[in-house]
Amino acid sequence: MRVAKLTLEQGLFRLNRLTAVLSWLLPVSGVMMAIALVGTSTIDGMRALPSVMAPAAILGVIAALLAIILSSMWLSRANANLRAAGRNLKHGAVMAWLWTFVPVAGLFKPYDVMREIWRESVLHDGQITGQDTATLPQWWGAWLVAMIGMNLSNRAGIEATEFGRFVLVPVVAVAGFAACILLRSLVRTVNHAQASLAQAAVFA
C-alpha cells in the first residue's frame, strides 16, 4: 500500500473532507453500536426484539467498520501532512494506517501515532488547553475498555449471565460511544490545527 504523495494544500483538503465525514459518522456509529449491543443482549434466554434489533446490529457493525477504516485513513493523511510540512516523525504514513489492523500492536500503536500527530499539530497552537490534551488518553482508555469488554461479552455464556446483561454490555456500550465522541473531538481539533500548516510553511 502506498499513501498518495500530495502537496500540503492537497493533503489538507483531503484531511478536511475525512474530518467532515468522521464528524457525523463517529457519533452515529457510536449510537448504533450501543443500541445494537443493549438491544440484542440475551434476556431470560430470549433475544430482545430480534426483528427490530437484528438490522440495527448489522448496520451498527457496518458503521463501526467504516468508522475504523476512515479513522485509519485520517491518521495516515494527518501524518503525511506533517511530513509535507517538514516535520520529522517516528511513524510513517503507511504504518499510521496499518497499525490499527495488526494483532496486539493494534492495542497501543494507534495511540502512539495519534499522540505524535497531536504533539506535532496541536501543541503548536497556543489556544489548546490542558483539558484538551487530557482527551487523548481518555479516548484510548475508553476504546480499550470497549474492545476488551466486547471480547469478553462474546465468550460463550458470559453475555447471558446477569453480569453480562447488566454490567458488561452497558459498560461496553457506554465506553464505545464515549470513544467515538472523544475521537471526534481529537479529529476536529487536529484538523483545525493543521489548517494553519500551509500558512506557516509559506512564512517559514
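Analysis parameters
- Residues numbered from 1 in each chain as written.
- Predicted model: local features only at pLDDT ≥ 70, side-chain atom pairs only at ≥ 80, totals over all residues.
- Heavy atoms only, no water.
- Helix = DSSP H or I, 4+ residues; strand = E, 2+ residues; numbered from the N terminus.
- Buried < 20%, exposed > 50% of the residue type's maximum accessible area, 1.4 Å probe, protein only.
- Contact = heavy atoms within 4.5 Å.
- Patch = residues over 30% accessible without salt bridge, like charges linked within 9 Å, V, L, I, M, F, W, Y side chains within 5 Å.
- Areas by Shrake-Rupley, 256 points an atom, 1.4 Å probe, with all protein chains shown as cover.
- Salt bridge = Lys/Arg side-chain N within 4 Å of Asp/Glu carboxyl O.
- Core = buried A, V, L, I, M, F, W, Y, C linked by side-chain atoms within 4.5 Å.
- Expected span 1.5 Å × (residues − 1).
- Phe/Tyr/Trp six-rings, centres within 6.5 Å; stacked < 30°, edge-to-face > 60°.

Asker: I would appreciate a short explanation of the environment of G60 in the present structure.
Answerer: Checked against the element boundaries, G60 lands in helix α2 (residues 50-84). Accessibility expressed as a relative area gives 0% for G60, which makes it buried. Linking G60 and G30, residues 30 residues apart in sequence, is a C-alpha distance of 8.1 Å. Those residues in contact with G60 that sit more than four places away from it in its chain are M32 and M33.

Asker: I keep staring at the environment of R83 and nothing clicks. Help me out?
Answerer: Following the sequence through the fold, R83 ends up in helix α2. Taking C-alpha positions, R83 is 8.6 Å from A93, a pair spaced 10 residues apart along the chain. Residues in contact with R83, not counting those within four places in the same chain, are L89, K90, H91, G92 and A93.

Asker: Honestly, a nonpolar patch on the surface in this entry has me stumped. Any pointers?
Answerer: The grouping of V31, I35, F177 and I181 at the surface amounts to a nonpolar patch, some 290 Å² of accessible area in total. Broken down by secondary-structure element, the contributors of at least two residues to the nonpolar patch are α1 (8-39) and α6 (162-194). Tracing the sequence through the fold places I181 in helix α6.

Asker: What am I meant to see in the nonpolar core here?
Answerer: General note: in soluble globular proteins, nonpolar side chains tend to be found buried as a group. W74, M114, I117, L136 and W139 are the most contacted members of the largest nonpolar core, which totals 36 residues. Of all the elements in the fold, those that place two or more residues in this core are α1, α2, α4 (109-121), α5 (130-153) and α6. Residue contributions to this core peak at eight residues, all from α6. Apart from the residues within four sequence positions on either side, M114 is in contact with W74, L75, L136, W139, L183 and L186. Counting residues in hydrophobic clusters, the runner-up holds six residues, among them A34, L37, L168 and V172.

Asker: What am I meant to see in α4 here?
Answerer: The periodicity of an α-helix, 3.6 residues per turn, causes residues three or four places apart in sequence to face the same way. Its 13 residues give α4 an end-to-end C-alpha distance of 18 Å, which sits within 8% of 18 Å, the value for a rise of 1.5 Å per residue. Of all 13 residues making up α4, 11 are buried, and the element is well covered by its neighbours. Turning to α4, its buried residues number three or more, namely K109, P110, Y111, D112, V113, M114, E116, I117, W118, E120 and S121.

Asker: Hey, could you run me through the pattern of salt bridges in this one?
Answerer: It is possible for side chains of opposite charge to pair when their charged atoms get near one another. This structure, assessed with the given rule, holds three salt bridges. R115 is paired through a salt bridge with D112; the nearest N and O atoms lie 3.0 Å apart. Highlighted residues: R115 and D112, both in helix α4, separated by three residues, approximately one helical turn. R119 is the partner of E120 in a salt bridge, and the nearest nitrogen-oxygen pair spans 3.6 Å. Judged by relative accessible area, E120 falls into the buried class, the value being 15%.

Asker: Just checking my understanding: could you explain the packing of aromatic side chains for this structure?
Answerer: What characterises a pair of aromatic rings is the spacing of the ring centres plus the angle enclosed by the ring planes. Tallied over the full model, the rule gives three aromatic pairs. Ring plane angle 40° and centroid distance 5.1 Å describe the contact between W97 and F101, whose orientation is recorded as tilted. Residue F101 is classed as partly exposed on the basis of its relative accessible area of 40%. Measuring from ring centre to ring centre gives 6.3 Å for Y111 and W140, while their planes differ by 35°; the resulting arrangement is tilted. Of this pair, Y111 sits in helix α4 while W140 sits in helix α5, and the two are 29 residues apart along the sequence. With respect to class, Y111 is no different from W140; both count as buried.

Asker: Can you walk me through the side chain of N79 in this structure?
Answerer: With respect to the element layout, N79 can be found in helix α2. N79 sits in the buried class, given a relative accessible area of 0%.

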